[in-house]
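Spelled out from the first residue to the last, the chains are:
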Amino acid sequence: MPKITWEDPFCGEGASCFRLGTDTEGNAYIAVAGQEDHPLTDTHEALRTLIRDIKAGKADHLL
């Protein structure tokens, strides 16, 4: 497995913390903090699209 560079965790009040990571092979990762050995994996572009869509409000119905 390539070396993953993890960002600091994103945490909500009383909720699990999530971490985003990338590697040098063009992959992006999302994991629950402390469970980085079981990440969801996709491309950098897929992560960019996810972040842009969330910022645009496309996931607001989940709040």
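Whatever comes next refers back to the structure up there.
Not measured: the values here are computed from a predicted model.

Conventions adopted
- Residues numbered from 1 in each chain as written.
- Predicted model: local features only at pLDDT ≥ 70, side-chain atom pairs only at ≥ 80, totals over all residues.
- Heavy atoms only, no water.
- Helix = DSSP H or I, 4+ residues; strand = E, 2+ residues; numbered from the N terminus.
- Buried < 20%, exposed > 50% of the residue type's maximum accessible area, 1.4 Å probe, protein only.
- Contact = heavy atoms within 4.5 Å.
- Disulfide = S-S within 2.5 Å.
- Salt bridge = Lys/Arg side-chain N within 4 Å of Asp/Glu carboxyl O.
- Pairing = 2+ DSSP bridges.

Draft legend 1. Looking closely at the overall build of the protein. Counting its secondary structure elements, the protein contains one helix and five strands. Reading the protein from its N end, one meets helices and strands in the order β-β-β-β-β-α. Summarising its shape, the C-alpha atoms of the protein cover approximately 35 × 25 × 15 Å along the three principal directions. By the burial criterion, 17% of the 63 residues in the protein qualify as buried. Within the protein, contacts between residues separated by at least 24 positions form 10% of all contacts whose residues are at least 6 apart in sequence.

Draft legend 2. Region of interest: the state of the cysteines. One pass over the full model with this rule turns up one disulfide. With its sulfur 1.9 Å from that of its partner, Cys11 forms a disulfide with Cys17. Between Cys11 and Cys17 the disulfide shows an S-S torsion of about 115 degrees. By sign, it is right-handed. The class for Cys17 is partly exposed, based on a relative accessible area of 21%.

Draft legend 3. Representation of the pattern of salt bridges in the model. By the definition in use, this model includes four salt bridges. Of the charged contacts, one joins Glu45 and Arg48 as a salt bridge, the two residues approaching to 3.1 Å between their closest N and O atoms. Of the two residues, Glu45 and Arg48 are both situated in helix α1 (residues 44-55); the distance of three residues between them amounts to about one turn of the helix. A salt bridge links Arg52 to Glu45; its shortest N-O distance comes to 3.9 Å. Among the residues examined, Arg52 registers a relative accessible area of 52% and is labelled exposed.

Draft legend 4. Fine view of the pairing of strand β4 (residues 27-32). In terms of strand pairing, strand β3 (residues 17-22) meets β4 through five bridges, oriented antiparallel. By the bridge assignment for β4, Arg19 is matched with Ala31. Taking the residues between adjacent antiparallel strands as the criterion, β3 and β4 are bridged by four residues, where Gly26 takes a positive phi near 90 degrees. By the bridge criterion, four bridges tie β4 to strand β5 (residues 40-43) in an arrangement that is antiparallel. Looking across to β5, one finds that Tyr29 is bridged to Thr41.

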